[in-house]
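# Understanding the architecture of this molecule
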Amino acid sequence: MALKAGIVGLPNVGKSTLFNAITKKNILAANYPFATIDPNVGVVTVPDTRLEFLNNMYVPERMIPTTYEFTDIAGLVKGASKGEGLGNKFLSHIRETDAIVEVVRCFDNPDIIHVEGNPDPIRDIEIINLELIFSDMEIAETRLNKIAKKAETTKEKETVLEYNVLNKCIEALNNNIPLRRVELTEDELLLLKNFNFITLKPIIYVANVSEDDVVIGHNKYTDEVSNYAKEEGSEVVVMSCAMESELSELNDDDKQVFLNDMGITNSGLDKLIYATYELLGLKTFFTVGKDEVRAWTFKDGMKAPECAGIIHSDFQRGFIKAEVTSFEDLRTLGSELKVKEAGKLRLEGKDYLMQDGDIVLFRFNV
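Small disclaimer: the values here were computed from a predicted structure and weren't measured. Counting restarts for each chain, with residues numbered from 1 along the sequence as it is written. Local features in this predicted model are restricted to residues whose pLDDT is 70 or higher, and side-chain atom pairs enter the listing and the counts only when it is 80 or higher, whereas totals over whole chains, interfaces and linings include all residues. To obtain the side-chain values, all non-hydrogen atoms of the structure were used and water was disregarded.

### Concerning helix α11 (residues 304-311)
The line we're drawing: Under the scheme applied here, a residue whose accessible area is under 20% of the maximum for its type counts as buried, over 50% as exposed, and between as partly exposed, the area being computed with a 1.4 Å probe on protein chains only. The way it works is that DSSP assigns letters per residue, a run of H or I at least four long becomes a helix, a run of E at least two long becomes a strand, and they are numbered from the N terminus. What the arc covers is the set of directions going from the helix axis to the C-beta atoms. Any two residues having at least one pair of non-hydrogen atoms within 4.5 Å are treated as being in contact.
Those residues of α11 that sit buried are A304, P305, C307 and A308. On an axial view of α11, the arc spanned by its buried residues comes to 160°, and they lie on one face. Taken together, the buried residues of α11 touch β8 (282-287), β9 (292-299), α12 (313-317), β10 (319-326) and β12 (358-364).

### A closer look at the side chain of T222
For the record, the criterion: Whenever two N or O atoms come within 3.5 Å, that pair is a polar contact, provided that in protein one can donate a hydrogen and the other can accept it, and provided that, for residues adjacent in sequence, both atoms are side-chain atoms.
Looking at the secondary structure, you find T222 in helix α7 (residues 220-232). T222 sits in the buried class, given a relative accessible area of 1%. A polar atom in the side chain of T222 sits 2.8 Å from the backbone nitrogen of N219. The residues touching T222, leaving out its near neighbours within four places in the chain, are C106, A207, V209 and V238.

### Brief notes about the nonpolar core
Spelled out, the test is: The term nonpolar core refers to a set of buried residues drawn from Ala, Val, Leu, Ile, Met, Phe, Trp, Tyr and Cys, joined through side-chain atoms within 4.5 Å.
Core analysis: the biggest nonpolar cluster contains 53 residues, and I7, Y68, F70, V101, Y205 and L272 have the highest contact counts within it. Ranked by residue count, the leading element in this core is helix α10 (residues 268-280), at six residues. Apart from residues no more than four positions distant in its own chain, L272 is found in contact with F70, V101, I204, V206, V237 and M239. Core analysis: the next-biggest nonpolar cluster, separate from the first, contains 18 residues, I133, I147, V165 and F195 among them.

### Concerning the pairing of β8
The criterion, for reference: A pair of strands counts as paired when DSSP detects no fewer than two bridges linking them.
In terms of burial, β8 is a largely internal element, five of the six residues being buried. With six bridges joining them, β8 and β9 adopt antiparallel strand pairing. Residue K283 lies in a different strand from β9, and its bridge partner there is F298. Hairpin connection of β8 to β9: four residues between the antiparallel strands.

### Some words on the confidence of the model for the chain
Note the threshold: Confidence of the predictor in every single residue is expressed as pLDDT, which spans 0 to 100.
This prediction gives the chain a mean pLDDT of 87; 90% of its residues lie at or above 70. Here residues 25-37 is a poorly scored stretch, pLDDT under 50, and it has 35 contacts once near neighbours within four places are set aside; other chains count.

### Details of the environment of D351
Here D351 is to be found in the loop between β11 (346-348) and β12. In this structure the C-alpha to C-alpha distance between D351 and K303, which are 48 residues apart in sequence, comes to 6.0 Å.

### What about empty space enclosed by the protein?
Stated precisely, the cut-off is as follows: Only protein atoms enter the 1 Å grid used here, on which a cavity is any set of points holding a 1.4 Å probe that cannot leave and a pocket is any open set flanked by protein within 12 Å on both sides along at least five of seven lines; residues with an atom within 4 Å of a point are listed as lining. Grid points are joined across faces, edges and corners, and a volume is the space filled by probe spheres set on the points.
Going through the model one piece at a time under the given rule, you end up with three cavities of 30 Å³ or more. If you add up the space inside the largest cavity, you get close to 40 Å³. Looking at the largest cavity, the residues that line it are V214, V238, M239, S240, M243, E244, L259, I264, N266, S267, G268 and K271.

### A short note on the sheet that holds strand β6 (residues 203-208)
Rule in force here: Working convention: axes come from line fits to C-alpha atoms, limited for helices to the stretch in contact. Angles between N-to-C directions cover 0 to 180 degrees.
What the six strands build is an open sheet, ordered β2-β4-β1-β5-β6-β7; its pairing is mixed. With one partner strand each, in any of the chains shown, β2 (40-45) and β7 (235-239) form the two edges of the open sheet. Ignoring strand direction, the axes of neighbouring strands in this sheet form an average angle of 25°. Those strands touched by helix α1 (residues 15-23) are β1 (3-8), β2, β4 (67-72), β5 (99-105) and β7, and its axis lies near 45° from that of β2. Here α7 sits on the sheet and contacts β5, β6 and β7; the angle it forms with β6, its principal contact strand, is near 175°.

### Focus on a negative patch on the surface
The condition is simple: In this scheme, patches are assembled from residues that exceed 30% relative accessible area and form no salt bridge. Like charges are connected within 9 Å, while nonpolar side chains (Val, Leu, Ile, Met, Phe, Trp, Tyr) are connected within 5 Å. What sets the accessible areas is the Shrake-Rupley method with a 1.4 Å probe; for residues, cover comes only from the shown protein chains. Definition used for salt bridges: Asp or Glu carboxyl oxygen within 4 Å of a side-chain nitrogen of Lys or Arg. Charge convention: Lys and Arg are scored as positive, Asp and Glu as negative, and His as well as the terminal groups of each chain are ignored. Throughout, a charge is located at the NZ atom of Lys, the CZ atom of Arg, the CG atom of Asp or the CD atom of Glu.
Together, E52, D252, D253 and D254 give the surface a local cluster of negative charge. Residue placement: D252 occurs in helix α9 (residues 252-262).

### Regarding unusual backbone geometry
Unlike most non-glycine residues, N12 shows phi in positive territory, near 65°. Within the fold, N12 resides in the loop between β1 and α1. Notably, N196 is not glycine yet its phi reads approximately 50°, a positive angle. Relative to the elements of secondary structure, N196 occurs in the loop between α5 (186-192) and β6.

What follows is the structure in structure tokens.
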């Protein structure tokens, strides 16, 4: 299951520069609004030193990491939901994503035009969030109007539930409250799943700063963004999109030297990926062998048969057992044989909750 995120933000805040870094594609990153006309999709691999370790141990024919898919949306402006700028048609491209990455300008530079006149991260965040709210409102009201009469006359349980939860959503949206901040039951969330409401998705704010401020780690603007995000339980990643674009041109060794010289442990893009995994409760398990060493993404709380189904539906349908080794045990003991001799190889059944770093061989029969 590839992780999918939609990148949003005002024009000229660094979205396309970040996207260039993500994909190493030279899409148009011009100094004027709406440089990105069509939705661009880029895929990056999720960095994981454990996969590298397993690759060196098994020396397979191929190594397959997990991936992170980004959709870059044309810059939104105030009134986008009512057709201003390029309108809200681009928002449909991120309704299928798992999370929203909102790029916020947190630097001063008179040479780069700001569509609102000057940098003000909280104002910019609220402009974008309001347009996303308006977009969800339109969908909720349209559906409510379609089912209102049926809910009132038939009293059909599921229709009434849908009617009530849509009313709850509309009330929140009318008060400029994103749906991710609304208390919803599991049944209500399940019912809303097909609507793909954007404001129901978790959000990460990318505070785009200058290279100097990356080293410091914050500035007055990022502090404002952090306080705002804390109030709604969201995450903030501070990075320089321009620096990330430069890093994308380097090989891995040169990239590490560059980061070391800057006194930085991980690139901003790596931090963004890790933060999204944390926010969404995503974990990784591995399959190994001479043919292939591969990382797979799963959601925390999934059981062994569900994770088997990520590989192939037959694995889940005919699941028998899972042979499980902890990555830490394998790394510590040094080989599969020593893991077995130490009694660390486990046979797990249908109720086993998969753990991050599990190395698994699924036994099945269809």
